Amino acid sequence: MNTKRVGQILRESREEKKLSVKDVAKETNIAAKYIIALETEDYSQFPAETFALGFLKNYASYLKLDSAMLLNLYRGEQIEESQAPLEELTRPTSSPLSLDKNKLISVISIALLFVSVYIIYLSFEDSGSGSDDVSTEITPNVDVNSSEIPQGINFVSQSVPENASIPFILTEDRGVSFSVNNQQCKIFIKGVSQGKANLGFNIFPEKNVYFFQAAEGEETILSYRIEELSSLRRDIRIVTQAVTEKSAKVLVTLKEEREGVALKSPVGDVPIQVTLFFSKPSYVEFVIDGQMGERGLVSAGEVKHLEARDRLEIKVGDGGAVEMVQNGKERVVLGKPGKLVKKIFIRKANPYDSTQSIIGELGE
């Protein structure tokens, strides 16, 4: 079993290749301070987690390491560290008498809180066991609630390519946003009960959330055949790999597409379609119909297919690093090298045919 951490793997690989931090910075265009931050696992140096993930992926690729493995290892380390406070809290101390007065009061208060919660739990268990007519078994994969997304959850964007399964780490304040046939979907966790994660799934721009429960090792299929998910364009397979007290790790795979979904668009109702080709790494932000899509660093060689109904906003950090095809038009370079480029495409009425609409660029 590999017990090495992300930073150690990166540093040892660099040293084996007899490369200095300065050499790596020059070859990858990653600032030396970020290389050191990755090797020392000082992720506070990055302005956001998307930057840390992007730089980690590029650094791993440069060292010819398995970037997917390192990303999974990073996420695993993050979820383990999120449990550290609880472990520290429950670890017995070697010398209780050494606690000062304030610490002793805090420990007693926490102990009383645990006792109170346990008593309440027993009272509910006793009240439920007194009835023979009521089943206490919870059926998995059922809609247990219908409401809006809770406040305080920060959603990070991840992509799910075809023929691949991607792991998502969900915590109480961190969900994941991803695209399914150009539909922006969100998945998050809303607590854990009896070893099962209460998961929520939303399809933008709908406000309602489909809730379901999943235990460790359990498979759930989110399908357009489910009434609450009838607008979904294809099935999604969710395998719950791990469940802790406040988090879950799920494996997401895109399954079969919905038959005839493209035929529902009326004549003339052409979506905004943009394909971006990246020749160099560049920071990007995509806003699709008012919903934040992907945001972060895109590697050289990647291709992004974007689709929106009424408005598509594209921001690229290096215009010279990206070529664009918009609704079948000629392939063009997005902008000047090293310059920030922002493009906004909108749907507007066709002045010559009121029954149809056309795609235009804001400012034209």
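The notes below deal with the structure included here. The structure presented is a predicted model; accordingly, all values stated were derived computationally and were not measured.

### With respect to the overall build of the chain
Along its length, the chain carries seven helices and 18 strands. The buried share among the 364 residues of the chain stands at 38%. A separation threshold of at least 6 residues defines the contact pool for the chain, and within that pool the share at least 24 residues apart is 52%. When the accessible surface of the chain is totalled, it reaches about 21100 Å², and 53% of it is carbon and sulfur.

### Things to note about helix α1 (residues 6–16)
Taken as a whole, α1 has its buried residues at Val6, Gly7, Ile9, Leu10, Ser13 and Arg14. Along the axis of α1, the buried residues cluster in a sector spanning 165°; they form a single face. Positive phi shows up at Lys18, right after α1, with a value of about 55°.

### Quick notes on the packing of helix α2 (residues 21–28) against helix α3 (residues 32–40)
Close contact between α2 and α3 brings their axes to 9 Å; oriented N to C, the two are set at 115°. Our pair here, α2 against α3, has a crossing hand that is right-handed. On α3, the residues that touch Val21, Val24 and Ala25 of α2 are Ala32, Ile35 and Ile36. Split into classes, the residues belonging to the contact of α2 with α3 amount to six nonpolar, no polar and no charged.

### A closer look at the packing of aromatic side chains
Evaluation of the coordinates by the stated rule reveals nine aromatic pairs. Look at Tyr34 and Phe46: their rings are 5.0 Å apart centre to centre, the planes differ by 20°, and that puts the pair in the stacked class. Of this pair, Tyr34 sits in helix α3 while Phe46 sits in the loop between α3 and α4 (49–62), and the two are twelve residues apart along the sequence. Phe46 carries the same exposure label as Tyr34, and that label is buried.

### Notes on the pattern of salt bridges
Inspection of the entire model under this criterion finds 15 salt bridges. The salt bridge partner of Lys315 is Glu285, with a shortest N-O separation of 3.9 Å. Note that Lys315 is positioned in strand β14 (residues 311–316) and Glu285 in strand β11 (residues 282–288), a separation of 30 residues in sequence. Residue Lys315 is classed as partly exposed on the basis of its relative accessible area of 27%. Classification of Glu285 by relative accessible area gives buried; the value is 18%. If you follow the salt bridges from partner to partner, you end up with Lys57, Glu294, Glu302 and Lys304 in one network.

Scoring rules and cut-offs
Residues numbered from 1 in each chain as written. Predicted model: local features only at pLDDT ≥ 70, side-chain atom pairs only at ≥ 80, totals over all residues. Heavy atoms only, no water. Helix = DSSP H or I, 4+ residues; strand = E, 2+ residues; numbered from the N terminus. Buried < 20%, exposed > 50% of the residue type's maximum accessible area, 1.4 Å probe, protein only. Contact = heavy atoms within 4.5 Å. Areas by Shrake-Rupley, 256 points an atom, 1.4 Å probe, with all protein chains shown as cover. Arc of directions from axis to C-beta. Axes fitted to C-alpha atoms, helices over the stretch in contact; angles between N-to-C directions. Left-handed = near helix turned anticlockwise from the far one by under 90°. Nonpolar A, V, L, I, M, F, W, Y, C, P; charged D, E, K, R; others polar. Phe/Tyr/Trp six-rings, centres within 6.5 Å; stacked < 30°, edge-to-face > 60°. Salt bridge = Lys/Arg side-chain N within 4 Å of Asp/Glu carboxyl O.

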